[in-house]
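Fold and contact review
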Amino acid sequence: MKCFSRLLPLMAFMAALQAQTPAIVPGGALNGASFTKGQGVAGGSLVSIFGTELAGGLTQNDTVPLSTALSNVSVTFNNVPAGLYFVSPTQINAQVPWDVLPAGVSSGSVNVVVTRNGTASPPEPVSILPAAPGIFYLPDAGGWAIAINSDGSLAAPLNSIPGIATHPANAGDGLAILATGLGAVDSPIADGANSLDKLRNTVVKPVVLVAGVSAPVAFSGLSPQFPGVNQVNFSVPSGIAAGTVPLQLQAGGITTTDAVKIALQ
């Protein structure tokens, strides 16, 4: 009995250690804007990684370039460190490294690993695609897109989102979408860096669909302020009935969900 009692602290330690081993759920590395399951992600884009025991608590990054370690938690894609937006026990938001694939290779599978306090998760495969777009939106507030009017408000019904200025857009208005996953840009940029130094255009210009109608695109590139975030400027086409309509992006053979909305008047 004495020998068994001496083992109890060791057993408790081993159980605690096992409980803190991070694990990514199968298929748990998703586009950080759309959370689309079963779809790959693009180099340079934001991803949300879902799992268990990923971190001891919530820690947010407050630096640019993004740090590659927060509260002793790090993420790698094929052993390349990723910049982190935040870590928490069940979700990590990170930027896929731009050059995660070998030079000249535009698609392939890589392994994502979360390391917490020196303990690594089992690797989880994720497909890297040339483009895998997703529009940032507010799923818990009506599905309104982060589609910004010229006055800084969102293109949603008036007073529809508490604490955020909103009003519907008109035909001909210019809107700016925040998105991620539009792929390579025309000027190199470091992992985790923002694009305040210059405008960087996406190599492939996406198609913007408003209620299924193609809209004129004036700019598609990196958002100046936010690492890994795309900005797409477009004009609302004429001839679309007023009301709530779907807003979609097409790039790399992928069309984003029609659950993302804007309001027109």
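Residues numbered from 1 in each chain as written. Predicted model: local features only at pLDDT ≥ 70, side-chain atom pairs only at ≥ 80, totals over all residues. Heavy atoms only, no water.

**Remarks on the pairing of strand β11 (residues 124-129)**
Along β11, the buried face is formed by Glu124, Val126 and Ile128; none of Pro125, Ser127 and Leu129, which line the opposite face, is buried. Pairing of strand β2 (residues 41-42) with β11, which is carried by 2 bridges, proceeds in the parallel orientation. Opposite Val41, over in β11, you have Ile128 as the bridge partner. By the bridge criterion, 5 bridges tie strand β9 (residues 108-116) to β11 in an arrangement that is antiparallel. Bridge pairing in β11 links Gly108 to Ile128. (Buried < 20%, exposed > 50% of the residue type's maximum accessible area, 1.4 Å probe, protein only. Helix = DSSP H or I, 4+ residues; strand = E, 2+ residues; numbered from the N terminus. Pairing = 2+ DSSP bridges.)

**Things to note about the side chain of Ser187**
With respect to the secondary-structure elements, Ser187 resides in the loop between β16 (174-180) and β17 (207-210). Residue Ser187 is classed as buried on the basis of its relative accessible area, which comes to 11%. Those residues in contact with Ser187 that sit more than four places away from it in its chain are Lys198 and Arg200. (Contact = heavy atoms within 4.5 Å.)

**Section: the pattern of salt bridges**
Any two side chains of opposite charge can pair, given that their charged atoms come close. Tallied over the full model, the rule gives 2 salt bridges. Put simply, Arg200 and Asp197 hold a salt bridge, and the shortest N to O gap is 2.7 Å. By relative accessible area, which is 57% here, Asp197 ends up exposed. (Salt bridge = Lys/Arg side-chain N within 4 Å of Asp/Glu carboxyl O.)

**Digging into unusual backbone geometry**
Across the junction of Val64 and Pro65, the peptide omega takes the value 0 degrees, indicating a cis bond. Structurally, Pro65 is set in the loop between β4 (59-60) and β5 (73-77). Its identity as a non-glycine residue notwithstanding, Asn72 has a phi of 65 degrees, on the positive side. Among the secondary structure elements, Asn72 is positioned in the loop between β4 and β5. Although it is not a glycine, Ala211 sits at a positive phi angle of roughly 55 degrees. Residue Ala211 is classed as partly exposed on the basis of its relative accessible area, which comes to 34%.

**Notes on the sheet that holds strand β7 (residues 83-87)**
Across the sheet, which stays open at both edges, the 5 strands sit in the order β1-β3-β8-β7-β4 with antiparallel pairing between neighbours. Strands with a single pairing partner mark the edges of an open sheet, and in this sheet they are β1 (23-31) and β4. Bridging between β7 and strand β8 (residues 91-95) involves 4 bridges; their strand directions are antiparallel. For Gly83, the partnering residue across the bridge sits in β8 and is Gln95.

**A closer look at the packing of aromatic side chains**
A complete count under the given rule lists 1 aromatic pair for this structure. Measuring from centroid to centroid gives 5.4 Å for Phe35 and Phe50, while their planes differ by 90 degrees, and the two rings are edge-to-face. Placement of the pair is Phe35 in the loop between β1 and β2 and Phe50 in strand β3 (residues 46-52), with a sequence separation of 15 residues. For Phe35, a relative accessible area of 38% translates into the label partly exposed. (Phe/Tyr/Trp six-rings, centres within 6.5 Å; stacked < 30°, edge-to-face > 60°.)

**With respect to the layout of surface pockets**
Considered as a void within the structure, the largest pocket measures approximately 530 Å³ in volume. Tallied by class, residues from the lining of the largest pocket come to 18 nonpolar, 5 polar and 2 charged. In this structure, the second largest pocket spans a volume of roughly 260 Å³. Residue lining of the second largest pocket: 15 residues in total, with Leu46, Tyr85, Asn93, Phe136 and Val229 positioned closest to the centre. Of all the elements in the fold, those that place two or more residues in the lining of the second largest pocket are β3, β7 and β8. Its residues placed into classes, the lining of the second largest pocket shows 11 nonpolar, 4 polar and no charged. (1 Å grid on protein atoms, 1.4 Å probe; cavity = no way out; pocket = protein on both sides within 12 Å on 5 of 7 lines; lining within 4 Å. Points joined across faces, edges and corners; volume = space filled by probe spheres on them. Nonpolar A, V, L, I, M, F, W, Y, C, P; charged D, E, K, R; others polar.)

This is a description of form; function is not addressed.
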